[in-house]
Structure formats: C-alpha cells, structure tokens
Amino acid sequence: MASSAFASPWSLRSPKLQGQASPTAAKSSSRLRFRGGGLRRIRCDHSCFEVKSVGYHPPGTQFNLLKDVSFSLPEKSFGLIFGQSGSGKTTLLQLLAGLNKPTSGSIIIQRYGDSGEHKGPPEHLSPEKVGIVFQFPERYFIADNVLDEITFGWPRQKVSTQSKKQLAFKLQRAFNWVGLDRISLDKDPHSLSGGYKRRLALAIQLVEVPDLLILDEPLAGLDWKARTDVVKLLKHLKREVTILVVSHDLRELASLVDQSWRMEMGGTLREDSLPF
Ligand SMILES: Nc1ncnc2c1ncn2[C@@H]1O[C@H](COP(=O)(O)OP(=O)(O)OP(=O)(O)O)[C@@H](O)[C@H]1O
Ligand SMILES: [Mg+2]
C-alpha cells in the first residue's frame, strides 16, 4: 500500500473472496415523485455490500479479534459502527479494505433484481473498489502541494491523452463533490484548515468512485465548525457512494445514519440503534 494514510485505488491488492449472499437488508425500492405530488415506492435493481460470518485471528494472537461478523449495507446508504475502544472496529475496516485477510467468511457485493431476487452471482469486493480514509489522514500528507498529494498514487507510466483527459475529469468531479474546487492546486496541504484537510483526504478516495467508502473516525480532532462542515459534506456524498463509518461521534452523525451496529468487546457485531 502507498505510504500515505489513504489506500490509493491503484495501490491495494488483496486475495479474492467469494461466498453466498443473503439479502438481509436489501434496499428493494426507491422513491419517485409522481404528478399530483405523491411519493410512491417503486422496486428496482440495486446492489448490496454484504459481510458473511467473517472471523479474524491474526497469527501470534491467542483469540479471535472478530467473531462471526455479518451485516449488509445497500448501495448509497450510510452505515455506522460504534462501540467501545478496543472492540475491533478498525480491525474490521482493515479487512473490508483488503489490508488483511479474514480467517473465515466472505465479503461480497450482490446485485438484486426488481423482486429482490439475486441477479447474477455474488462478486467479491475488490480492494480497488474500496476507498478508505483512516483516522487523522492529514498526519500522513506527504506532498507539498494539493495536486501532488491527490495524484500520488496515480500510474506513472506514459498514458494516452484520452486517459489524461479522463483522469482530469475524475479529479475535477472529486473536487466538486467535496467542495475543494476553489482551492488552488499549488497550495500546501498542511496549510489547509482541519476541515479542508479532511476534504482533501476524501477527494483522494473519490477520484475512482469506490463501491464502498470507509471512514474511520471522520470527525476526530476537528473543531466544531469543521465537524459541521464534514457532516454536511457526508450528507451530500451519501447520494453518490455507499458509506460505512466507524465513529464515537454518534449524535453529530445520527441524521445521516440508515443502519447502525454495535461492536461488542471481543469482536462480535450486532445491529443496534444509536444509544440515545
Ligand atoms: N494485528 C494485531 N495483532 C494482535 N492484536 C491486534 C492486532 N490488531 C489489533 N489488535 C487488537 O485488537 C483489538 C481491537 O483493536 P481495534 O483497533 O480494532 O479497536 P477499535 O474498536 O478500533 O478501538 P478504538 O475505538 O480505540 O479505535 C485491540 O485490543 C488491539 O490491540
Ligand atoms: Mg479504531
């Protein structure tokens, strides 16, 4: 992986994982506004990110850090995992990003048709399609300007003009999504405000739109203004990507949450509403 806090879409490789899926939390409908003003639910194709009976027992440890973890998150929804310090939340995120390999279980994307039936076989969740922003990503900025920071993991070999145009388009899109479009690309990333540093960290992960965007403690260490900005930004981003967050800041994120789970000490995960 790159020596940055971010797992670049070009820098991660992991074993293929396969498994059988179950549509436990499949989003099987969307809302459309019809003439006359009414909202009606319609069923449509959708995909769901699914974790099935994942266990993790790293070599040299006595116990499993994660035990039989199962959950699913429909596309373009916002999932939140909370729980005590040391319960295994970050450990789980590392498995989802392909940074470590589960000892058992599978992590897949399953497509569903109109009536909730499986549409095709489950696909393994490729690490190239996962964006992860670790805790305090700005501590790992390595470039002295915004452009170099965001293009750090990009292919260095000669690319065609067409590919360059595509990359430029994707970069512009990512900058627009996170509201960085007015920032000069020459600016030193370390001179940005706390909130803008987080935006940059997110933009790096959004150049190649991930199937799953994972954020570990996205509000940690920010002042109240930056926290409000990041929450607003995530609300907007939720329309574009599926987001899974680990956080202790439950109240601030509550309005975004579609599904939540509690990680218990010992590495078991259970669906749970926010505790307030
Ligand atoms: N590779 C490893 N080998 C052995 N133990 C590990 C390894 N990785 C993590 N641990 C242990 O697993 C437990 C869970 O750690 P983890 O960082 O996932 O917790 P967390 O829920 O993210 O905590 P926090 O809320 O403080 O961030 C801790 O006791 C940690 O020391
Ligand atoms: Mg953690």
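Just above, that's the structure.
Here's what I pulled together on the structure shown here. What you see is a predicted model; the values in this text were computed from it and never measured.

### Here we look at helix H1 (residues 89-96)
And then number 1: Restricting attention to buried positions, one finds in H1 the residues Lys89, Leu92, Leu93, Leu95 and Leu96. The buried residues of H1 occupy one face: seen down the axis, they fall within an arc of 160 degrees.
And then number 2: In the segment just after H1, Gly98 is the residue with positive phi, at about 80 degrees.

### Things to note about the nonpolar core
And then number 1: Ranked by size, the top nonpolar core spans 57 residues in total, and within it Leu96, Ala174, Val178, Leu200, Ala203, Leu212 and Ile214 carry the most contacts.
And then number 2: At seven residues, the largest contribution of residues to this core is made by helix H4 (residues 194-206).
And then number 3: Those residues within four positions of Leu212 in sequence are excluded, and the remaining contacts are Phe49, Leu96, Leu125, Val130, Thr242 and Leu244.

### Regarding the site of ligand 1
And then number 1: Around ligand 1 lies a shell formed by Pro58, Thr61, Leu65, Ser85, Gly86, Ser87, Gly88, Lys89, Thr90 and Thr91.
And then number 2: Split into classes, the residues belonging to the shell around ligand 1 amount to two nonpolar, seven polar and one charged.

### Things to note about the sheet that holds strand E6 (residues 104-112)
And then number 1: The strand order across the open sheet built from four strands is E4-E3-E6-E7, with neighbouring strands paired in antiparallel fashion. Of all strands in the sheet, those with a lone pairing partner are strand E4 (66-74) and strand E7 (123-124), marking the two edges.
And then number 2: Summarising the sheet, strand E3 (residues 46-56) and E6 pair through eight bridges and their orientation is antiparallel. What sits directly across from Glu50, in E6, is Ile108.

### Details of the environment of Pro122
And then number 1: Relative to the helices and strands, Pro122 resides in the loop between E6 and E7.
And then number 2: Taking C-alpha positions, Pro122 is 9.9 Å from Ser47, a pair spaced 75 residues apart along the chain.

### Some points on the sheet that holds strand E9 (residues 212-216)
And then number 1: Overall, mixed pairing links the six strands, which are arranged E8-E9-E10-E5-E11-E12 in an open sheet. Edge positions in the sheet fall to strand E8 (130-133) and strand E12 (268-271), since each has one partner strand and no second. This sheet shows a mean twist of 20 degrees between the axes of neighbouring strands, independent of strand direction.
And then number 2: In this sheet, strand E10 (residues 243-246) lies alongside E9 in parallel orientation, the contact comprising four bridges. Each bridged residue has a counterpart across the sheet, and for Leu213 the counterpart in E10 is Ile243.
And then number 3: Lying on the sheet, H4 is in contact with E8 and E9; it crosses E8 at an angle near 165 degrees.

Calculation notes
Residues numbered from 1 in each chain as written. Chains lettered and ligands numbered in written order. Predicted model: local features only at pLDDT ≥ 70, side-chain atom pairs only at ≥ 80, totals over all residues. Buried ≥ 20, exposed ≤ 12 C-beta atoms within 10 Å, placed from the backbone. Helix = DSSP H or I, 4+ residues; strand = E, 2+ residues; numbered from the N terminus. Arc of directions from axis to C-beta. Core = buried A, V, L, I, M, F, W, Y, C linked by C-beta atoms within 7 Å. Contact = placed C-beta atoms within 7 Å. Near = placed C-beta within 6 Å. Nonpolar A, V, L, I, M, F, W, Y, C, P; charged D, E, K, R; others polar. Pairing = 2+ DSSP bridges. Axes fitted to C-alpha atoms, helices over the stretch in contact; angles between N-to-C directions.

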